[in-house]
Amino acid sequence: MTPERRRSPLVRLAPLGVLVLGVVLFFALDLGRFISLDSLHRNRLELTEFVTRHGVLAALSFLAAYVVVVVFSLPVATLLSVLGGFLFGVEVGVPLVVVAATAGATLLFLIARSTLGVFLRERAGPWLGRMETGIRKNELSYLLILRLVPVFPFFLVNIVPALLGVRLRNFVVATAVGIIPGVVVYVGIGAGAGTLIEEQGALGLGVFLQPAVLLPVAGLTLLAFVPIVFRRLRGT
């Protein structure tokens, strides 16, 4: 009997309980109100001033917050990416988001593999076997496709590879490289909106017609069609 199986169910499920509790508290306390477009607009002066005065601390705080969001699979990662572009611009925002998202995904991957693996594998449906077939053929390329083509939710692609014994190196590389296109688009939207707000002092619907925002939005539209094209090519 492996050490993982010798652990009591309570010990094995403790990390899952912490993750679930974090999600429940997020919605119960309505913490999402602090990460919204309305909140960004209302507090933009304070936020930009803090970044200007405390650049390194602001970057580290943003990175830590993003990691927590990814580990707990909270539904605000996209808005945080936009916020990263708004606060730090594309040049700094893209590396920050890529590092933070990769770090958070890796932590969740390690949690799933070390403490939740047996529990989740025992309760997984037939879909796990179907995904396992693709991963066994070529871990790195298959994971890269899953990141580039967002057919499955981000958090699911963080957990499932852990259940299938994917190597940590392949997971990290595929995640860091595969999320870059989406990150560039969302950070670009935030950076473009930030520039226009500085020029116009407000964020109205007309902002989406400006080239600084319109081009990243067009990129987002193209990304949205990628899963559809991918399914058509596969004949599914």
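Rules used in this analysis
- Residues numbered from 1 in each chain as written.
- Predicted model: local features only at pLDDT ≥ 70, side-chain atom pairs only at ≥ 80, totals over all residues.
- Heavy atoms only, no water.
- Helix = DSSP H or I, 4+ residues; strand = E, 2+ residues; numbered from the N terminus.
- Buried < 20%, exposed > 50% of the residue type's maximum accessible area, 1.4 Å probe, protein only.
- Contact = heavy atoms within 4.5 Å.
- Areas by Shrake-Rupley, 256 points an atom, 1.4 Å probe, with all protein chains shown as cover.
- Patch = residues over 30% accessible without salt bridge, like charges linked within 9 Å, V, L, I, M, F, W, Y side chains within 5 Å.
- Salt bridge = Lys/Arg side-chain N within 4 Å of Asp/Glu carboxyl O.
- Core = buried A, V, L, I, M, F, W, Y, C linked by side-chain atoms within 4.5 Å.
- pLDDT = per-residue confidence, 0-100.
- Axes fitted to C-alpha atoms, helices over the stretch in contact; angles between N-to-C directions.
- Parallel < 35°, antiparallel > 145°, perpendicular 65-115°, else oblique.
- Nonpolar A, V, L, I, M, F, W, Y, C, P; charged D, E, K, R; others polar.

1. What about the overall build of the protein chain?
Right, so step 1: Check the secondary structure of the protein chain and you find twelve helices and zero strands.
Right, so step 2: By residue count, 39% of the 236 residues in the protein chain fall in the buried class.
Right, so step 3: Across the protein chain, the fraction of contacts at a sequence separation of at least 24, relative to all contacts at a separation of at least 6, is 79%.
Right, so step 4: If you sum the accessible surface of the protein chain, you get close to 13100 Å²; carbon and sulfur atoms cover 70% of it.

2. Observations concerning the side chain of E139
Right, so step 1: By the secondary structure assignment, E139 is in helix α8 (residues 139-148).
Right, so step 2: Residue class for E139 comes out buried when judged on its relative accessible area of 12%.
Right, so step 3: If near-sequence neighbours (up to four positions away) are discounted, E139 is found in contact with G165, V166, R167 and N170.

3. Some details on a nonpolar patch on the surface
Right, so step 1: On the surface, a nonpolar cluster with roughly 210 Å² of combined accessible area is contributed by L107, L110 and L168.
Right, so step 2: Within the fold, L107 resides in helix α6 (residues 77-123).

4. Thoughts on the environment of A101
Right, so step 1: Mapped onto the elements, A101 comes out in helix α6.
Right, so step 2: C-alpha of A101 to C-alpha of V69: the two residues are 32 residues apart in sequence and 8.9 Å apart in space.
Right, so step 3: In contact with A101, other than residues within four places in its own chain, are Y66, V70, F154 and I179.

5. Quick look at the nonpolar core
Right, so step 1: Counting 42 residues, the largest nonpolar core has F62, Y66, F88 and V183 as the members making the most contacts within it.
Right, so step 2: Elements that contribute at least two residues to this core include exactly α5 (55-71), α6, α8, α9 (154-163), α10 (168-178) and α11 (180-200).
Right, so step 3: Top contributing element to this core by residue count: α6, with 15 residues.
Right, so step 4: Excluding its chain neighbours within four sequence positions, the residues that come into contact with V183 are V94, V97, V98 and G188.

6. Comments concerning the confidence of the model for the protein chain
The predicted coordinates should not be examined in detail at positions where pLDDT is low.
Right, so step 1: Looking at the protein chain as a whole, the pLDDT averages 75, with 60% of positions reaching at least 70.
Right, so step 2: When pLDDT is averaged over each element of the protein chain, α5 comes out on top at 94 and helix α1 (residues 3-6) at the bottom at 50.
Right, so step 3: Low pLDDT, under 50, characterises residues 1-5; the stretch is placed with nine contacts to residues that sit more than four places away or in other chains.
Right, so step 4: A low-confidence stretch, residues 200-209 (pLDDT under 50), is modelled with 15 contacts involving residues beyond four sequence positions or located in other chains.

7. Topic: α9
Right, so step 1: Here α9 lies mainly inside the structure; seven of its ten residues are buried.
Right, so step 2: Phi for G165, located one or two positions after α9, is positive at around 75°.

8. With respect to the packing of helix α4 (residues 44-53) against α5
Right, so step 1: Packing of α4 against α5 brings their axes to within 5 Å, and their N-to-C directions diverge by 120°. Classified by the angle their axes make, α4 and α5 are oblique. Counted together, F50, V51 and R53 of α4 and G55, L57 and A58 of α5 form the full contact between these two elements.
Right, so step 2: Per-class residue counts for the contact of α4 with α5 are four nonpolar, one polar and one charged.

9. Here we look at the pattern of salt bridges
Right, so step 1: On inspection of all chains with the given rule, the structure shows two salt bridges.
Right, so step 2: Residue R53 is joined to E49 by a salt bridge in which the shortest nitrogen-to-oxygen separation is 3.0 Å. On the criterion of helical spacing, the pair formed by R53 and E49 is a turn pair, its members being four residues apart in helix α4.
Right, so step 3: Relative accessible area serves as the criterion here: at 62%, R53 is assigned to the exposed category.
Right, so step 4: Judged by its relative accessible area of 39%, E49 is partly exposed.

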